[in-house]
Amino acid sequence: MAPRSIRISYQWVSDRITITIVVSVMLCVTFATRREHNHTGLSSDRFWSTKLGWSKNTDLVACGDSRVLNAVSPSAIESVLPVVNARNFGFSGAGYSAEYLEAAGRVVDPKSEQPTVILGITPHSLTPGACLRNTYIEEKNKPSARLAHGDAIDRTLFYFRPMDTKQFRRLFRVSRRSKQLTQLNPDGWRAVQTDHVDHNNVIEHYRSQLFENNTVDWSIVDSLCQTVYLWTSTGIRVFAFRPPTCTEMEAVENERSGFNEDKFIRQFEQGGGIWLDLTSSDLTCYDGSHINRNSAKKFSRRLAEAISDYGKHTDDAGSAGLISDVSEDASPVSRIRLTWKRQQ
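If you're wondering where the values come from, they're calculated on a predicted model, not measured in any experiment.

Trainee: I'm lost on the pattern of salt bridges in this one. Help?
Mentor: In a structure, side chains of opposite charge can pair up when their charged atoms sit close to one another. A complete count under the given rule lists 10 salt bridges for this structure. Taking the shortest distance from any N to any O, the salt bridge between R67 and E253 comes out at 2.7 Å. Here R67, found in helix α3 (residues 66-71), pairs with E253, found in helix α12 (residues 247-256); they are 186 residues apart in sequence, far enough to count as distant. Relative accessible area serves as the criterion here: at 4%, R67 is assigned to the buried category. Here E253 falls in the buried class, since its relative accessible area comes to 0%. Between R207 and E204 there is a salt bridge, and its shortest N-O distance comes to 3.1 Å. With a gap of three residues between them, R207 and E204 both fall in helix α10 (residues 200-210), about one helical turn apart. The exposure class of E204 is partly exposed, given its relative accessible area of 40%.

Trainee: Would you explain the environment of E78 in this entry?
Mentor: Here E78 is to be found in helix α4 (residues 74-78). Spatially, the C-alpha atom of E78 lies 9.4 Å from that of L60, the residues being 18 residues apart in sequence. Residues in contact with E78, not counting those within four places in the same chain, are V83, V84, N85 and A86. A polar contact is formed between the side chain of E78 and the backbone nitrogen of A86, at a distance of 2.7 Å.

Trainee: How should the environment of C285 be read in this particular structure?
Mentor: When you line up the elements, C285 lands in the loop between β8 (274-275) and α14 (293-320). For C285, a relative accessible area of 7% translates into the label buried. Put simply, C285 and V197 are 88 residues apart on the chain and 7.4 Å apart in space, counted from C-alpha to C-alpha. Dropping the residues within four chain positions of it, C285 is found in contact with V197, H199, T245, C246, H290 and I291.

Reading the values: rules and limits
- Residues numbered from 1 in each chain as written.
- Predicted model: local features only at pLDDT ≥ 70, side-chain atom pairs only at ≥ 80, totals over all residues.
- Heavy atoms only, no water.
- Salt bridge = Lys/Arg side-chain N within 4 Å of Asp/Glu carboxyl O.
- Helix = DSSP H or I, 4+ residues; strand = E, 2+ residues; numbered from the N terminus.
- Buried < 20%, exposed > 50% of the residue type's maximum accessible area, 1.4 Å probe, protein only.
- Contact = heavy atoms within 4.5 Å.
- Polar contact = N/O pair within 3.5 Å; in protein donor to acceptor, adjacent residues only side chain to side chain.

As structure tokens, this is what we get:
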């Protein structure tokens, strides 16, 4: 039989282990309940994997980086355009590499009555860095087994994932400055709503770092325009636009990226594409780069109306002897001009 002093020592250690476990569990529960679960809709894994699984099942597909991902709502487009379905194939940081364009082309239904591709053109999407490192590549290379647990378990596991120091400090805020809610939709749209606006951090990153030794590569533009020509020659309509952002950001991009919008438009239109100039001054950009959910719905309807107007103009041109052409003095809605075809 152990001496009484040893029994007391064992009891002392056992009590403290029990207390430590109880306190640890309480802290974990407290941190988990205070942690902001700011995502709704699909889980992140399923959201990206759903996009990667699309194949020949879409009448209208929007492509591009995170500005397209946030700005183009397929449901808002469908409310204006008589299409069976529309999808957002945007990926954060995506560049217009041959691989990404090939994947986007596979999404379009070849049996669609009016197959359409919409390209959101940002200067960064035409850089070598964007083509080499982006969410499309990262998600494509992840194992498919990640979907086995399903959305419900994934949302539960969210509370037990590691936190960085910024997330940890946020747990102790007495009054949280803002609430950002991100909804991941099955149609590929990432809708973000927040009451906080801060342009400075992102704009400074673009100004000082993003385009350092990583400016627009015009060979990427050439390859993109060749793909546009191939698509249009098979009956796919290809539209392009510059995704909405704040005026300060657009100025930085124009200055630092090496992007020449007029030059790009000329090459794009030579490949058979249709460039759309869309107003965005009435939209809300919340972080210096992306627009929020309500602005995205408004912008998507505006985008759909411009495409619809183009279709009406070309239909009229076919029936009334008109030629559809591109105007150098473009209107705010689109760069479409109609001229009478001379009858012999």
